[in-house]
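Secondary and tertiary structure notes
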Amino acid sequence: MTTVVTGGTGTLGRQVVERLRGAGEEVRVLSRRSQPYPVDLVKGTGPLDAALDGAEVVVHCASGRHGDELAARRLIEAARRAGVGHLVYVSIVGVDRVPLGYYRSKWAVERMVEASGSGWTILRATQFHDLVRTLLAGLAKPPVLLVPAGVAVQPIAAGEVADRLAELAAGAPAGRVADLGGPEVRGLDELAAAYLAASGRRRPVVAVPLLGKVGRALRAGGHLTPDRAIGRETFEEFLTRAFTPSTAVG
């Protein structure tokens, strides 16, 4: 079976590619600079039709802060021309509950996949450990680390999401499957303290109110799935890997 992975050089896509190839699948990697398929879905450049020619499955991992809907439209149209039978899309828990622009765009792409005319599977996952660490690293630059009060997250290892996506890609279209959440729901203040300890930084952690509809949705846990806390690696275990020189993840 030939599978195309968009965003196949990114944090998640790279690991999906590794798992599919490890299972003996033929995989074509799409990203802006990957060869032989340097495809930019937002700009509409590169050999997209050639990349999808003869493919049975597309796993859509490519995502950005802007242009997701345009990229998905181009991908879906090309997949339809190529006769791709199965679109697998990774989304985010709470895209229909948290009124962030990025979440709303992901939710719109979900609806586009559902209406694509191809068989489809959609998996929603909680935030990756890598994303939470990047967020906290940025917040730790000033002398005081400010976090939104009353907001928890449920981080998960990107590799565990990749495991599930590879499993879904190898199977039949399954529609909207059960959400995938990290093993623990933790306050951002707790995770900030864990990040500071692991990185050797010293900062006071101060919780500040996050106002508006987004703040209310996050405090209500709209982005969480505590009933699907089936991830295994904790944030502290991730940080141990991240800050161990021999196994650093970036």
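Residues numbered from 1 in each chain as written. Predicted model: local features only at pLDDT ≥ 70, side-chain atom pairs only at ≥ 80, totals over all residues. Heavy atoms only, no water.

In this section: empty space enclosed by the protein. Following the criterion strictly, the structure yields one cavity of 30 Å³ or more and no others. Estimated volume of the largest cavity: approximately 60 Å³. Contributions of two or more residues to the lining of the largest cavity are made by β3 (57-60), α3 (68-82), β4 (86-92) and α4 (101-114). Residue classes in the lining of the largest cavity are distributed as nine nonpolar, one polar and no charged. (1 Å grid on protein atoms, 1.4 Å probe; cavity = no way out; pocket = protein on both sides within 12 Å on 5 of 7 lines; lining within 4 Å. Points joined across faces, edges and corners; volume = space filled by probe spheres on them. Helix = DSSP H or I, 4+ residues; strand = E, 2+ residues; numbered from the N terminus. Nonpolar A, V, L, I, M, F, W, Y, C, P; charged D, E, K, R; others polar.)

In this section: the pattern of salt bridges. Going through the model one piece at a time under the given rule, you end up with 15 salt bridges. Between Glu184 and Arg186 there is a salt bridge, and its shortest N-O distance comes to 3.0 Å. What makes Arg186 buried here is its relative accessible area of 13%. (Salt bridge = Lys/Arg side-chain N within 4 Å of Asp/Glu carboxyl O. Buried < 20%, exposed > 50% of the residue type's maximum accessible area, 1.4 Å probe, protein only.)

By the secondary structure assignment, His223 is in the loop between α8 (212-219) and α9 (235-242). A distance of 2.5 Å separates a polar side-chain atom of His223 from the backbone oxygen of Ala152. (Polar contact = N/O pair within 3.5 Å; in protein donor to acceptor, adjacent residues only side chain to side chain.)

This part is about unusual backbone geometry. With an omega of 5 degrees, the peptide bond running from Gln35 to Pro36 counts as cis. With respect to the helices and strands, Pro36 occurs in the loop between β2 (26-30) and α2 (48-52).

Next up on the list: the packing of helix α5 (residues 129-139) against helix α7 (residues 188-199). Contact pair α5 / α7: the axes reach a minimum separation of 10 Å and the direction vectors enclose 80 degrees. As summarised for this structure, α5 and α7 are arranged roughly perpendicular, according to the angle between their axes. For the pair α5 and α7, contact is made by Val132, Arg133, Leu136 and Ala137 and by Leu188, Leu191, Ala192 and Tyr195, respectively. Looking at the contact of α5 with α7 residue by residue, the class counts come to seven nonpolar, no polar and one charged. (Axes fitted to C-alpha atoms, helices over the stretch in contact; angles between N-to-C directions. Parallel < 35°, antiparallel > 145°, perpendicular 65-115°, else oblique. Contact = heavy atoms within 4.5 Å.)

What follows covers the pairing of strand β5 (residues 119-125). Taken across its seven residues, β5 has five buried, putting it largely inside the fold. Note that β4 and β5 share seven bridges and pair parallel. Of the residues in β5, the one forming a bridge with Leu87 is Trp120. Note that the unit made of β4, α4 and β5 has a crossover that is right-handed. Sheet analysis places β5 next to strand β8 (residues 175-176), joined by two bridges and oriented parallel. Of the residues in β8, the one forming a bridge with Ile122 is Arg176. (Pairing = 2+ DSSP bridges. Right-handed = clockwise from strand over helix to strand, strands pointing away.)

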